[in-house]
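Spelled out, the chains give:
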Amino acid sequence: EKVKKTDILKAAKKYLVKNRASVAYILPNGLNIKSPSKISQLKTTHNSINQKHKIITKTYPENNNYKLISQNLKTKKYELENGLTLLITPNESNEIIAIDLLSKGGFFHENEIQKGVGNITADMLLKGTKNYNSQELSTILDENGIEISSQMYPDAFSTTIKCTKNELQATLDIFDEIINNSILDEKDLENIKSKKIQKIKTSMDIPSTIAFDETKYLLWENTPYQNSSTILTNAYKKVTNDNIKTF
């Protein structure tokens, strides 16, 4: 109770500075790096495909316009024709394929009008498309052993996809459907906004959450990291379907 805001700021200025920071990397033997690469990342494995189930399939144009940039152990780094970076690491231990899509996003890339839209978009993606409602999407994912989830971080928007080798084509088809044909229903949007706001209100009943929220606001003032529960609650209320489509 005796700790004041000025005490927190004084401690932060003394200890949370670059010359007191350390970064540790846990790497395989023989692999050395200077710093993490600040690029969009995509990890995938190319395998033969068997299509099943009632999923609308598409034919994708073959694109061989990519260039090998570097290689570390089993991971190869490519540059695609559109400038995106592709990282491929073969998985030889089982039949699982994991795809991670990282793009610029998060609070760092949201202005006052867009604030909070990334979080809402992540929850809206599986709420139904032109060809499948949310229940049908859920059934297709479960029956095919497919996992698709999205999450927003302060400086990135991430989508993770997991499937078996035999279901890769079906997975890409359903992911294409989700990205390009989502209906973004107004009722679903209002329901998601309401649940997020209620979750924040519930969390504010915990004293430690309140303390952390206030500390974060003090330490990261005028940066995206300062987004407190109050800021996010007000931001979620303003998110519209047009904001999500633009995002």
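Here the structure is a predicted model, which is why all the values come from computation and not from measurement.

Reading guide: rules and limits
- Residues numbered from 1 in each chain as written.
- Predicted model: local features only at pLDDT ≥ 70, side-chain atom pairs only at ≥ 80, totals over all residues.
- Heavy atoms only, no water.
- Core = buried A, V, L, I, M, F, W, Y, C linked by side-chain atoms within 4.5 Å.
- Buried < 20%, exposed > 50% of the residue type's maximum accessible area, 1.4 Å probe, protein only.
- Helix = DSSP H or I, 4+ residues; strand = E, 2+ residues; numbered from the N terminus.
- Contact = heavy atoms within 4.5 Å.
- Patch = residues over 30% accessible without salt bridge, like charges linked within 9 Å, V, L, I, M, F, W, Y side chains within 5 Å.
- Areas by Shrake-Rupley, 256 points an atom, 1.4 Å probe, with all protein chains shown as cover.
- Salt bridge = Lys/Arg side-chain N within 4 Å of Asp/Glu carboxyl O.
- Axes fitted to C-alpha atoms, helices over the stretch in contact; angles between N-to-C directions.
- Parallel < 35°, antiparallel > 145°, perpendicular 65-115°, else oblique.
- Left-handed = near helix turned anticlockwise from the far one by under 90°.
- Nonpolar A, V, L, I, M, F, W, Y, C, P; charged D, E, K, R; others polar.
- Polar contact = N/O pair within 3.5 Å; in protein donor to acceptor, adjacent residues only side chain to side chain.

Our focus in this paragraph is the nonpolar core. Core analysis: the largest hydrophobic core is formed by 16 residues, its most contacted members being Ile-120, Met-124, Leu-189, Leu-232, Tyr-236, Val-239 and Ile-244. Elements with a contribution of two residues or more to this core: α2 (117–124), α5 (186–203) and α7 (229–238). Not counting residues up to four positions away in its chain, the partners in contact with Leu-232 are Phe-107, Ile-200 and Asn-227. Core analysis: the next-biggest nonpolar cluster, separate from the first, contains 15 residues, Ile-148, Ile-161, Ile-174 and Phe-175 among them.

What follows covers a nonpolar patch on the surface. Taken together, the side chains of Phe-108, Trp-220 and Tyr-225 present a nonpolar region at the surface, about 300 Å² in accessible area. Looking at the secondary structure, you find Tyr-225 in the loop between α6 (207–219) and α7. Among the residues examined, Tyr-225 registers a relative accessible area of 35% and is labelled partly exposed.

Next up on the list: the environment of Leu-101. Structurally, Leu-101 is set in strand β5 (residues 96–104). Owing to a relative accessible area of 26%, Leu-101 belongs among the partly exposed residues under this scheme. Distance from Leu-101 to Thr-160, taken between C-alpha atoms, is 6.4 Å for residues 59 residues apart in sequence.

This part takes up the packing of α5 against α7. One way to put it is that α5 packs onto α7 with a least axis distance of 10 Å and a crossing angle of 165°. By the criterion of interaxial angle, the relationship of α5 to α7 is roughly antiparallel. For the pair α5 and α7, the sense of crossing is left-handed. Contacts from Lys-193, Lys-196, Ile-197 and Ile-200 of α5 reach α7 at Ser-229, Leu-232, Thr-233, Tyr-236 and Lys-237. Of the residues assigned to the contact of α5 with α7, the class counts are four nonpolar, two polar and three charged.

What follows concerns the packing of helix α1 (residues 5–15) against α6. Taken N-terminus to C-terminus, the directions of α1 and α6 make an angle of 55°; their axes are 10 Å apart at the nearest point. Comparing their axes, α6 and α1 come out oblique. Here α1 runs over α6; the crossing is right-handed. Within the contact between the two elements, α1 uses Lys-5, Ile-8, Leu-9 and Ala-12 and α6 uses Thr-215, Leu-218 and Leu-219.

Turning next to the pattern of salt bridges. This model, assessed by the stated rule, comprises three salt bridges. Residues Lys-74 and Glu-92 are paired through a salt bridge, measuring 3.4 Å at the closest nitrogen-oxygen approach. Within this pair, whereas Lys-74 is found in the loop between β2 (66–72) and β3 (75–80), its partner Glu-92 is found in the loop between β4 (85–88) and β5, the two being separated by 18 residues in sequence. Taking the relative accessible area as the measure of exposure, Lys-74 reaches 48% and is therefore partly exposed.

Attention now moves to unusual backbone geometry. A positive phi angle, close to 55°, is found at Leu-73, a residue other than glycine. Mapped onto the fold, Leu-73 is located in the loop between β2 and β3. Here Leu-184, not a glycine, exhibits a phi torsion of approximately 50°, which is positive. The buried category is assigned to Leu-184, whose relative accessible area is 13%.

Summarising the element assignment, Glu-177 is placed in helix α4 (residues 168–181). Separated by 2.7 Å, the side chains of Glu-177 and Thr-129 make a polar contact. Excluding its chain neighbours within four sequence positions, the residues that come into contact with Glu-177 are Thr-129, Lys-130, Asn-131, Tyr-132 and Ser-182.

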